[in-house]
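# Examining the three-dimensional arrangement
These are the residues of each chain, in order.
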Amino acid sequence: MSGQGHGSPLAQPLRAPSPGRAAAYTGLLVLGAVVGTAGSLVQAGWFPGGLLLALAGEAGLLLGGARATGGRAGAVAPAVGWMVAVVLLTTNRPEGDFVFAAGGTSYLFLLGGMAVAVICATFGFGRQPSGR
């Protein structure tokens, strides 16, 4: 068994991220919440342009986060922030106020945003082997 190297990356123990990386993920999480909130307000304003702008903004943030951190976690962190913000905005307040109307555009934004998050997190810039 000696001389086989370090083994598979999956067999390595998990380590906590460095403080800088943790700060980057926290920043991306907050940016995801901001983009989700802004998209919630814009998507109903101009149909279909507002919906497309909101989804394109989310996709840009997710792919940019993945590229900046060099891994899929950079796309997952803002996706979580986006999801938390959007879910919190879908709830009704005791006064009866709400952000999302019960219409097709709101459902397209919710489902389309979830699909964009899954696609970007799945096909994000994963780690590539360093050898040729």
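Residues numbered from 1 in each chain as written. Predicted model: local features only at pLDDT ≥ 70, side-chain atom pairs only at ≥ 80, totals over all residues. Heavy atoms only, no water.

Each helix and strand counted, the protein has four helices and zero strands in total. Along the protein, helices (α) and strands (β) appear in the sequence α-α-α-α when read from the amino end. Here the analysis covers contacts within the protein between residues at least 6 apart in sequence; of these, 73% occur between residues at least 24 apart. Accessible area for the protein stands at about 8,700 Å²; split by element, carbon and sulfur atoms hold 68% of it. (Helix = DSSP H or I, 4+ residues; strand = E, 2+ residues; numbered from the N terminus. Contact = heavy atoms within 4.5 Å. Areas by Shrake-Rupley, 256 points an atom, 1.4 Å probe, with all protein chains shown as cover.)

An α-helix turns once per 3.6 residues; consequently, residues spaced three or four apart project the same way. Helix length check: helix α4 (residues 104-122) (19 residues) gives 26 Å between terminal C-alpha atoms against 27 Å at 1.5 Å per residue, within 8%. Buried residues of α4: S106, F109, L110, G112, G113, V116, A117, C120 and A121, and no others. Taken together, the buried residues of α4 touch α1 (19-42), α2 (49-69) and α3 (73-90). (Expected span 1.5 Å × (residues − 1). Buried < 20%, exposed > 50% of the residue type's maximum accessible area, 1.4 Å probe, protein only.)

With that settled, the discussion passes to α3. Look at α3: 26 Å from first C-alpha to last across 18 residues, which is about the 26 Å you get at 1.5 Å a residue. Among the residues of α3, G74, A75, A77, P78, A79, G81, W82, A85 and V86 are the ones counted as buried. Next to the buried residues of α3 lie α1, α2 and α4.

Before going further, it helps to examine the UniProt feature "transmembrane region" (unreviewed entry) in the protein. According to UniProt, the feature "transmembrane region" (unreviewed entry) maps to residues 47-66, 73-92 and 98-125 in the numbering used here. As a span, residues 47-66 carries 90% helix and 0% strand, and end to end its C-alpha atoms are 29 Å apart. Counted over residues 73-92, helix gives 90% and strand 0%. Its end C-alpha atoms are 31 Å apart. (UniProt positions renumbered as here; feature names shortened; annotations may be inferred.)

Tracing the backbone through its elements, the reader meets T69 in helix α2. Overall, the relative accessible area of 13% leaves T69 in the buried class. Of note is the side chain of T69, whose polar atom sits 2.9 Å from the backbone oxygen of G65. Excluding anything up to four places from it in sequence, T69 contacts R21, Y25, L28 and G74. (Polar contact = N/O pair within 3.5 Å; in protein donor to acceptor, adjacent residues only side chain to side chain.)

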